[in-house]
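What follows is the residue order along each chain.
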Amino acid sequence: MKHLFIVGGITGSMQEQLNGTFRSHFLKEMSDPAAWLADNGDSIEYVLTNGHDGLRPEYMAAMSNLKLISNYGVGYDAIDAELAAQRGILVTHTPNVLNAEVATTALLLMLACYRELLANDAHVRSGKWETEGGTPLSHSADNRTIGIVGLGRIGQAIADKLAPFNPRILYHSRSAKDVPYEYFADLTAMAAEADVLICITPGGAGTHHLINQEVIEALGPQGLLINVARGSVVDEAAMIDALESGKLGGAGLDVFEHEPRVPERLRALPNVVLTPHIGSGTVETRAAMGQLTVDNLLQHVAEGSVISPVPECADLI
Ligand code: NAP
Ligand code: 8YV
């Protein structure tokens, strides 16, 4: 049996599939993880974690024989993949199987903002429709200029899913792609041109506060900011200031800088729609992600290879 260190929770189906090959050690069941790792760290060859928790550097350091970190999620900014690669440790993640779901979440937030879904729902529930009449007209989501920040796997799925809304699609990423959309190397210029910005880059140092005050104010009083990437990509304080002062029209947010803590000022705003990091959070998509997470582990034990390594580890294969 191989020893598997599990950070966070896993589904029953994942556990069942792991049982024949691994002896699982759950971080959440350890009263003193540092002491446990001091005694047992050398036996751990495999880690299963997720995009929220990653793997703390001191835990990784305590696992001298670690071979593979399998991440239940596509974003792995909470794992130091470069350090892992230097140590010869493979990191795998779950690309592609969640593209459509996260794209749906981005559209859900955009549509809820434009069509004032929350205010309209609250109006009916309160009984005011009967006593006071209908609500003010909302705004159309059709025929908008939409700037996608990060036109990767999910960004492309968002563009595809937007098609029936007849958008003009702009995009910003580190390099231009062979796609029929307008590329903007300058994010502020794209924000000035767009009605909506949809953020779907990775998190981490490279994108920290990419959406800053200048970008937010360029998006403007009628503009809508949708963030399904990572909370760190947006300067949350600057965004809240702009939402409060009317310099930014509205926001649909699935991720937050210090989640699950969401500032009271943000929670109090009427011009935002907030969801608790549910981008990929359906039974169907989490099952597909869980399967790929497990398959990476099982294939490595059986054949020494993996299905979906992160780019930093490409040379290790
Ligand atoms: P991907 O295929 O690697 O695409 C990432 C895109 O971001 C690429 O277009 C890349 O541009 C761009 N990018 C990276 N660094 C950038 C920078 N500094 N400035 C501008 N653009 C930059 O990744 P993906 O599979 O689409 O996933 C994207 C991210 O979505 C994940 O890493 C995760 O953080 C987030 N996510 C969130 C949820 C959720 O539940 N809310 C679910 C899944 C994923 P280049 O191609 O030019 O390098
Ligand atoms: C998950 C995500 O919430 O894949 C990602 O990067 O952010 C989401 O799909 C998370 O990683 C699951 O643990």
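Colleague: What's the story with the overall build of the protein in this structure? I'm lost.
Modeller: What the protein contains, in helices and strands, is 13 helices and twelve strands. The C-alpha radius of gyration computed for the protein amounts to 22 Å, which stays within 12% of the reference 20 Å derived for 317 residues, consistent with globular compactness. When the backbone C-alpha atoms are referred to their principal axes, the protein occupies close to 65 × 45 × 35 Å. For the protein, the proportion of its 317 residues judged to be buried stands at 49%. In the protein, of all internal contacts separated by at least 6 residues, the share reaching a separation of at least 24 is 59%. Taken as a whole, the protein presents about 15,100 Å² of accessible surface, with 51% of it coming from carbon and sulfur. Distance from the positive charge centre (21 side chains) to the negative charge centre (38 side chains) of the protein: 2 Å.

Colleague: Mind showing me how you'd approach the pairing of strand S9 (residues 196-199) here?
Modeller: Moving residue by residue along a regular strand, the side chains alternate between the two faces of the sheet. Side chains Val196 and Ile198 project from S9 onto one buried face, and the interleaved Leu197 and Cys199 project onto a second face that is buried too. By the bridge criterion, four bridges tie strand S6 (residues 145-149) to S9 in an arrangement that is parallel. Within the sheet, the bridge partner assigned to Ile148 lies in S9 and is Ile198. Of the pairings in the sheet, the one linking S9 to strand S10 (residues 224-227) comprises four bridges and is parallel in character. If you follow Leu197 over to S10, its bridge partner there is Leu225. Traced from S9 through helix H10 (residues 213-219) to S10, the parallel crossover comes out right-handed.

Colleague: Would you mind showing me how to read the site of ligand 1 here?
Modeller: The full set close to ligand 1 counts 29 residues, and Arg153, Ile154, Arg174, Ser175 and Lys177 are the nearest of them. Separating an oxygen atom of ligand 1 from a backbone N or O atom of Gly279 is a distance of 3.3 Å. Protein chains bury 87% of the 940 Å² of accessible surface belonging to ligand 1 in isolation. When the residues that make up the shell around ligand 1 are grouped by side-chain class, the tally is eleven nonpolar, 13 polar and five charged.

Colleague: I keep staring at the packing of aromatic side chains and nothing clicks. Help me out?
Modeller: Each pair of aromatic rings is reported with the distance of its centres and the angle of its planes. In the structure shown here, the tally under the stated rule is four aromatic pairs. Taken together, a centroid distance of 6.1 Å and an interplanar angle of 40 degrees make the contact between Phe5 and Trp36 tilted. Of this pair, Phe5 sits in strand S1 (residues 2-6) while Trp36 sits in helix H2 (residues 33-40), placing them 31 residues apart in sequence. When the centroid spacing of 6.1 Å and the interplanar angle of 70 degrees are considered together, the rings of Phe5 and Tyr59 count as edge-to-face. You can see Phe5 sitting in strand S1 and its partner Tyr59 sitting in helix H3 (residues 57-61), a full 54 residues away along the chain. The residues Phe5 and Tyr59 share a single accessibility class, namely buried. Every member of this aromatic cluster is reached through a ring pair, and the members are Phe5, Trp36 and Tyr59.

Colleague: Help me out: how do you make sense of the layout of surface pockets in this one?
Modeller: Leftover empty space is mapped by rolling, across the atoms, a probe with the size of a water molecule. Considered as a void within the structure, the largest pocket measures approximately 1,400 Å³ in volume. Residue lining of the largest pocket: 48 residues in total, with Val74, Gly75, Thr201, Pro202 and Gly203 positioned closest to the centre. Elements that contribute at least two residues to the lining of the largest pocket include exactly helix H4 (81-86), helix H8 (153-162) and helix H13 (283-303). When residues in the lining of the largest pocket are grouped by element, the largest group, three residues, is from H8. A breakdown of the residues in the lining of the largest pocket according to their chemical character gives 18 nonpolar, 20 polar and ten charged. As a volume, the second largest pocket reaches approximately 470 Å³. Lining the second largest pocket are 21 residues; nearest its centre among them are Cys113, Glu116, His139, Leu224 and Gly249. Elements that contribute at least two residues to the lining of the second largest pocket include exactly helix H5 (99-114), helix H6 (117-126) and strand S12 (272-274).

Colleague: Mind showing me how you'd approach the nonpolar core here?
Modeller: Here is a general trend for soluble globular proteins: nonpolar side chains tend to be buried in one another's company. Core analysis: the biggest nonpolar cluster contains 69 residues, and Phe5, Leu55 and Ile158 have the highest contact counts within it. Formed by 30 residues, the second largest nonpolar core is a distinct cluster that contains Ala191, Ala194, Ile240 and Leu266.

Colleague: Can you help me understand the site of ligand 2 in this one?
Modeller: Taken together, 13 residues are adjacent to ligand 2, and Val74, Gly75, Arg230, His277 and Ser280 come closest. Measuring from an oxygen atom of ligand 2, one finds a backbone N or O atom of Gly75 at 2.8 Å. One nitrogen or oxygen atom from the side chain of Arg286 is found 3.3 Å from an oxygen atom belonging to ligand 2. When isolated, ligand 2 has an accessible area of 330 Å², and the protein chains bury 92% of it.

Colleague: Hey, could you run me through the pattern of salt bridges in this one?
Modeller: Where charged atoms from two side chains of opposite charge come close, those side chains can pair. Counted by the stated rule, this structure contains eleven salt bridges. One salt bridge in this structure joins Glu58 and Arg56, with 2.9 Å as the shortest N-O distance. Glu58 sits in the partly exposed class, given a relative accessible area of 41%. Taking relative accessible area as the criterion, Arg56 reaches 45% and is therefore assigned partly exposed.

Reading the values: the criteria
- Residues numbered from 1 in each chain as written.
- Chains lettered and ligands numbered in written order.
- Predicted model: local features only at pLDDT ≥ 70, side-chain atom pairs only at ≥ 80, totals over all residues.
- Heavy atoms only, no water.
- Helix = DSSP H or I, 4+ residues; strand = E, 2+ residues; numbered from the N terminus.
- Rg over C-alpha atoms; globule rule 2.2 N^0.38 Å.
- Buried < 20%, exposed > 50% of the residue type's maximum accessible area, 1.4 Å probe, protein only.
- Contact = heavy atoms within 4.5 Å.
- Areas by Shrake-Rupley, 256 points an atom, 1.4 Å probe, with all protein chains shown as cover.
- Lys, Arg positive; Asp, Glu negative; His and termini not counted.
- Charge placed at Lys NZ, Arg CZ, Asp CG, Glu CD.
- Pairing = 2+ DSSP bridges.
- Right-handed = clockwise from strand over helix to strand, strands pointing away.
- Near = heavy atom within 4 Å.
- Polar contact = N/O pair within 3.5 Å; in protein donor to acceptor, adjacent residues only side chain to side chain.
- Nonpolar A, V, L, I, M, F, W, Y, C, P; charged D, E, K, R; others polar.
- Phe/Tyr/Trp six-rings, centres within 6.5 Å; stacked < 30°, edge-to-face > 60°.
- 1 Å grid on protein atoms, 1.4 Å probe; cavity = no way out; pocket = protein on both sides within 12 Å on 5 of 7 lines; lining within 4 Å.
- Points joined across faces, edges and corners; volume = space filled by probe spheres on them.
- Core = buried A, V, L, I, M, F, W, Y, C linked by side-chain atoms within 4.5 Å.
- Salt bridge = Lys/Arg side-chain N within 4 Å of Asp/Glu carboxyl O.

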